[in-house]
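Each chain, letter by letter, is given below.
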Amino acid sequence: MTAFPITHATTLKAPPPDASLKFGTVFTDHMFMMEYAAGRGWSNPRIEPYHALSLDPATCVLHYAQAVFDGLKAFRGTDGVIRIFRPDRHAARLNQSCERLCIPALDPALVEQSFHALVGLEQRWVPKLPGTALYIRPTVIATEPFLGVRPAESYLYYVILSPVGAYYPEGMNPVKILASERHVRALPGGLGAAKTAANYAASLFPAEEAHRLGYTQVLYLDGAEHRFLEEVGTMNIMMKIDGTVVTPPLAGSILAGVTRDSVLTLLKDWGIRVEERPIAIDEVIAAIASGRLEEMWGTGTAAVISPVGELGYKETRHVIRNGGIGALTQRLYDAIVGIQYGSAADPHGWARAVAPATVLA
Ligand code: COI
């Protein structure tokens, strides 16, 4: 484990009570930073007090959104051990996002170490209450002050931490999603498979429209035909039809969710049939109407496993399971959360204990 230079904050904040935690509103005392310059590569990895960034108004990220991020969580186990869920997958995905936006690759081992070192330093910020976690937000932005449209020659990698509760105000209560007939998240060949800031900017307008209609989130359909399910923007989508779990394939326009991968792996472990295939919205509506659709849920780091209780499409509200939580949805939630908090077996070694060497007294 690399020991990074640390500049300690001179005043430390008090973490808010666990029961008051929302999502992404409070930040810890320190952040990880490292810069890239053309000809020098990535250099000067370090931990500093959490602080505002000073950017020239011409900084290209502010104009052309050459920015990527990822999101993962650290959990305080029932045994007191702090574990980070699948940091290697998140480090790899961050690099895949970088590649799509012409951002120079980071050393994935160093990225993983940056998570461990920062969480180790900030361990008093990892909340205890079930359902809470310390959210880790690695981000890369282009920092060159330049208005031409080309990849920047300088970048900043930074990691901030935020103690969080449930992402949706509904918590584990089922959410309502609206399948959009008009709005598109991404097209094959576009940015959809990368975790770019631009994808989330594009999602704001459709989400506001959905909120006005009483829905929590938008379920995006494919951009060409507005027919096949894609993803929800903050989570991947899955459902159980006639005993088989079906989910859209990773065909280039949806994000390869780490929770999605974890759930599919668990389902296969449990001997449950899984199909990654195109799913037409008409098939879903028909399966709800005939009672063959048993459960629907979303998967995501922030959302964990989120039951879907209502699907809106073409001005009709289709209620699923009377708005209740399905048995498989609950089983998946319990299994994932059990691994994250160290209270269940972790056969795939997903939950990585924060090394004692990085845990400071
Ligand atoms: C996550 O699940 O970590 C996400 O990135 C979704 C959203 C909070 C941006």
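Calculation notes
- Residues numbered from 1 in each chain as written.
- Predicted model: local features only at pLDDT ≥ 70, side-chain atom pairs only at ≥ 80, totals over all residues.
- Heavy atoms only, no water.
- Domains from an automatic or database assignment.
- Buried area = accessible area lost by both parts, 1.4 Å probe.
- Polar contact = N/O pair within 3.5 Å; in protein donor to acceptor, adjacent residues only side chain to side chain.
- Helix = DSSP H or I, 4+ residues; strand = E, 2+ residues; numbered from the N terminus.
- Nonpolar A, V, L, I, M, F, W, Y, C, P; charged D, E, K, R; others polar.
- Patch = residues over 30% accessible without salt bridge, like charges linked within 9 Å, V, L, I, M, F, W, Y side chains within 5 Å.
- Areas by Shrake-Rupley, 256 points an atom, 1.4 Å probe, with all protein chains shown as cover.
- Salt bridge = Lys/Arg side-chain N within 4 Å of Asp/Glu carboxyl O.
- Core = buried A, V, L, I, M, F, W, Y, C linked by side-chain atoms within 4.5 Å.
- Buried < 20%, exposed > 50% of the residue type's maximum accessible area, 1.4 Å probe, protein only.
- Contact = heavy atoms within 4.5 Å.
- Expected span 1.5 Å × (residues − 1).
- 1 Å grid on protein atoms, 1.4 Å probe; cavity = no way out; pocket = protein on both sides within 12 Å on 5 of 7 lines; lining within 4 Å.
- Points joined across faces, edges and corners; volume = space filled by probe spheres on them.
- Lys, Arg positive; Asp, Glu negative; His and termini not counted.

This next bit is on the domain arrangement of the chain. One can read the domain layout of the chain as domain 1 (18–169 + 343–358) and domain 2 (175–324). Relative placement of domain 1 and domain 2: their C-alpha centres are 26 Å apart. For the pair domain 1 and domain 2, the summed buried area comes to about 2000 Å², and 64% of that belongs to carbon and sulfur atoms. Together, Phe69, Arg93 and Tyr168 form the three largest contributors to the area buried by domain 1 at its contact with domain 2, with a combined 32%. Our count for the contact surface shared by domain 1 and domain 2 stands at eleven residue pairs in polar contact (both at pLDDT 80 or more). It is helix H2 (residues 87–100) that contributes the most residues to the side of domain 1 that touches domain 2, five residues altogether. Of the residues assigned to the side of domain 1 that touches domain 2, the class counts are eleven nonpolar, four polar and six charged.

On the surface, a nonpolar cluster with roughly 240 Å² of combined accessible area is contributed by Leu53, Leu55 and Leu62. The topology assignment puts Leu53 in the loop between strand S2 (41–49) and helix H1 (61–64).

The subject of this paragraph is the nonpolar core. Grouped together as the largest cluster of nonpolar side chains are 45 residues, with contacts concentrated most on Phe32, Trp42, Leu106, Val119, Ile136, Val140 and Tyr157. With residues up to four places along the chain from it excluded, the contact list for Trp42 reads Met34, Glu35, Tyr36, Ile103, Pro104, Ala105, Leu106, Val140, Tyr155, Leu156 and Tyr157. Of all hydrophobic cores here, the second largest spans 26 residues; its members include Tyr168, Ala179, Ile241 and Ala303.

Moving on, we come to H2. Here H2 spans 20 Å end to end across 14 residues, near enough to the 20 Å set by a 1.5 Å rise per residue. Buried within H2 we find Pro87, His90, Ala91, Arg93, Leu94, Asn95, Ser97 and Cys98. Cys102 sits one or two residues past H2 and shows a positive phi near 60°.

What follows is about unusual backbone geometry. The residue Arg86 is not glycine, and still its phi comes out positive at about 50°. Along the polypeptide, Arg86 turns up in the loop between strand S5 (82–85) and H2. In the Ramachandran plot, Arg321 falls in the positive-phi region, its phi being about 50° despite a non-glycine side chain. Within the secondary structure, Arg321 sits in the loop between strand S15 (316–319) and helix H7 (327–340).

With that settled, consider empty space enclosed by the protein. For the structure shown, the criterion picks out two cavities of 30 Å³ or more. Taken as a whole, the largest cavity holds about 50 Å³ of empty space. Here the lining of the largest cavity gets three residues from one element, more than from any other, and that element is strand S4 (residues 72–76). By residue class, the composition of the lining of the largest cavity is three nonpolar, four polar and one charged. In this structure, the second largest cavity encloses a volume near 30 Å³. Taken together, Glu295, Met296, Pro307, Val308, Ile320, Arg321, Gly324, Ile325, Gly326 and Thr329 form the lining of the second largest cavity. Residues that form the lining of the second largest cavity fall into these classes: five nonpolar, three polar and two charged.

Its volume calculated, the largest pocket comes out at about 410 Å³. Contributions of two or more residues to the lining of the largest pocket are made by strand S6 (133–142), strand S7 (154–164), helix H5 (258–269) and strand S13 (293–300). Residues lining the lining of the largest pocket come from more than one domain, with at least three contributed by each of domain 1 (18–169 + 343–358) and domain 2 (175–324).

Attention now moves to the side chain of Asp222. Considering the arrangement of structural elements, one finds Asp222 in the loop between strand S9 (217–219) and strand S10 (236–241). Lacking a salt bridge, the buried Asp222 has Arg227 as its closest oppositely charged neighbour, with an N-O distance of 7.0 Å. Among the polar contacts made by the side chain of Asp222, one reaches the main-chain amide nitrogen of Ala224 at a distance of 3.2 Å. When residues no more than four places from it in sequence are discounted, the contact partners of Asp222 are Arg227, Phe228 and Glu230.

Moving on, we come to the pattern of salt bridges. One pass over the structure, following the stated rule, counts 21 salt bridges. Taking the shortest distance from any N to any O, the salt bridge between Arg260 and Glu276 comes out at 2.8 Å. Taken together, the residues Arg260 in helix H5 and Glu276 in strand S12 (residues 274–276) connect sequence positions 16 residues apart. With a shortest N-O distance of 2.7 Å, Arg277 and Glu275 are connected by a salt bridge. Classification of Arg277 as partly exposed rests on a relative accessible area of 24%. Judged by its relative accessible area of 22%, Glu275 is partly exposed. One network of salt bridges, with partners in common, ties together Arg273, Glu275, Arg277 and Glu283.

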